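# Breakdown of the fold
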Amino acid sequence: MHSVVVGTGGTTVGDVIAVARGNARIELSDEAVTALAAARGIVDALAAKPEPVYGVSTGFGALATRHISQELRAQLQRNIVRSHAAGLGPHVEREVVRALMFLRLKTVCSGRTGVRPEVAQTMADVLNAGITPVVHEYGSLGCSGDLAPLSHCALTLMGEGEAEGPDGTVRPAGELLAAHGIAPVELREKEGLALLNGTDGMLGMLIMAIADLETLYKSADVTAALSLEALLGTEKVLAPELHAIRPHPGQGASAANMLAVLTGSGLTGHHQDDAPRVQDAYSVRCAPQVAGAGRDTLAHARLVAERELAAAIDNPVVLPGGTSQAFGSGGGRVESNGNFHGAPVAYVLDFLAIAAADLGSIAERRTDRLLDKNRSHGLPPFLADDAGVDSGLMIAQYTQAALVSEMKRLAVPASVDSIPSSAMQEDHVSMGWSAARKLRTSVAHLARILAVELYAATRAIELREGLTPAPASRAVIDAARAAGVQGPGPDRFLAPDLAAADTFVREGRVVEAAERVTGPLA
């Protein structure tokens, strides 16, 4: 099994995916253990002093003015976890919770949080055991971190609350820890707060969305190329010199992908045949411009994600040296800050939802054109076998349109909203968790929309008797048919075909099939 070593310098997109989806085993580096112990020494020194230090010897949020005596501090840390584990709604997906916990562990291991090494090791042990805390859909405002989701995770470390075992069964967390030989943690000063205060949930969902969208944008180039072929369009608009004079990187990459797929096609270039047309419709001709803009948005989102992966987000944070709020061993200090605000992540989550909605919209327009006998340049109505007796793909496009409509609603930004909390102490929040949750739905819908386009375009190409598709197109069609995505014929129960197409797209097999001919796509 692949292993991921957590050090003090952050982590990578690949490591997050490996832990969240691939169950990679986690190890703490010696460097991380040393940094954890050093930061803990600073916190312990501060805790022994009479001066109040936020998060160490005070209450939290609007209650930060109370100085907490030594004998109540362990209770304070337990209480913040218990009281903040206040989520409601459906359980969040296992991969999201694993990403959330791993990213919190990444920050803990930075040596900026003051958490003891044994607490960090317990976090790794829980993940390695396949134990997944029950986290609920609602409870994060995306500021002061993903508080409720992270609290439910911390509750599991304490042996409280509920968690899902490796077999998927939900049981009391204490039972699961005992079954795997893991001792519950007894939290000390600052540790409860440090386990809750990060943007880890929204960041984890951003990273997984980026990974999925990188595949879907390539898939969209392939399905757009198939639609262009099926509509007897021209590939001349994909010429590199045309895209070089508007040098957006994503646009150039998308056009190059489409051109690679269409190489050797016997269907392109027929736009001057029986029903001459000067140029193709925007949904065909402008496909690289729209997909390319989304690709560039995706590149910006990855940049933000990589910066966050290098960050250590906590409040307060442990810093070495200096002459600020308080002093510990070696001159270290603990500082309050605002780095937990989720705005940088929330914005790009919303940007991606907008770009994905537009990509879904243009794919649906191409599909509708394939089904309309007045615009499809010789294809039968709705690609039906015997139009009138058969309805063909009429209602498949209805389904696609419904998905596009919901994606447009999901594209309304969450990050423009803010509802004050904690007695107006936390008076501006990011709503980044909400942005991430709706983006997950949008990404799933985009795969379904592209699946319908794939289904229609492959059928349409096969109905062009006497014309030979490009070798890459043929490879995609053959792979789709082998995967259970059936071709032309009389009406049948369509849902299984569409489900097979959805799986084919989501698993990246559209791209794999095309690349067997084209080589790697951009």
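It should be noted that the structure appears before, not after, this text.
Below is a short write-up of the structure. None of these values were measured; they are calculated from a predicted model.

### Some thoughts on the side chain of Ser283
Its place among the elements puts Ser283 in helix 12 (residues 282–285). The exposure class of Ser283 is buried, given its relative accessible area of 9%. Apart from the residues within four sequence positions on either side, Ser283 is in contact with Ile362, Arg365, Arg366 and Arg369.

### Describing helix 4 (residues 94–108)
Between its first and last C-alpha atoms helix 4 spans 21 Å; for 15 residues at 1.5 Å apiece the expected length is 21 Å, and the two agree. Among the 15 residues in helix 4, 14 count as buried, and that is most of the element.

### Notes on unusual backbone geometry
Omega for the bond connecting Asn315 with Pro316 falls within 30 degrees of zero, at 0°, which places this linkage in the cis form. Mapped onto the secondary structure, Pro316 falls in the loop between helix 13 (287–309) and strand 8 (317–319). A positive phi angle, close to 60°, is found at His377, a residue other than glycine. Positionally, His377 belongs in the loop between helix 14 (343–371) and helix 15 (394–410). Under the relative-accessibility criterion, His377 is labelled partly exposed at 27%. Of note in this structure, Leu383 is not a glycine but carries a positive phi near 55°. Residue placement: Leu383 occurs in the loop between helix 14 and helix 15. Among the residues examined, Leu383 registers a relative accessible area of 2% and is labelled buried.

Thresholds applied
- Residues numbered from 1 in each chain as written.
- Predicted model: local features only at pLDDT ≥ 70, side-chain atom pairs only at ≥ 80, totals over all residues.
- Heavy atoms only, no water.
- Helix = DSSP H or I, 4+ residues; strand = E, 2+ residues; numbered from the N terminus.
- Buried < 20%, exposed > 50% of the residue type's maximum accessible area, 1.4 Å probe, protein only.
- Contact = heavy atoms within 4.5 Å.
- Expected span 1.5 Å × (residues − 1).

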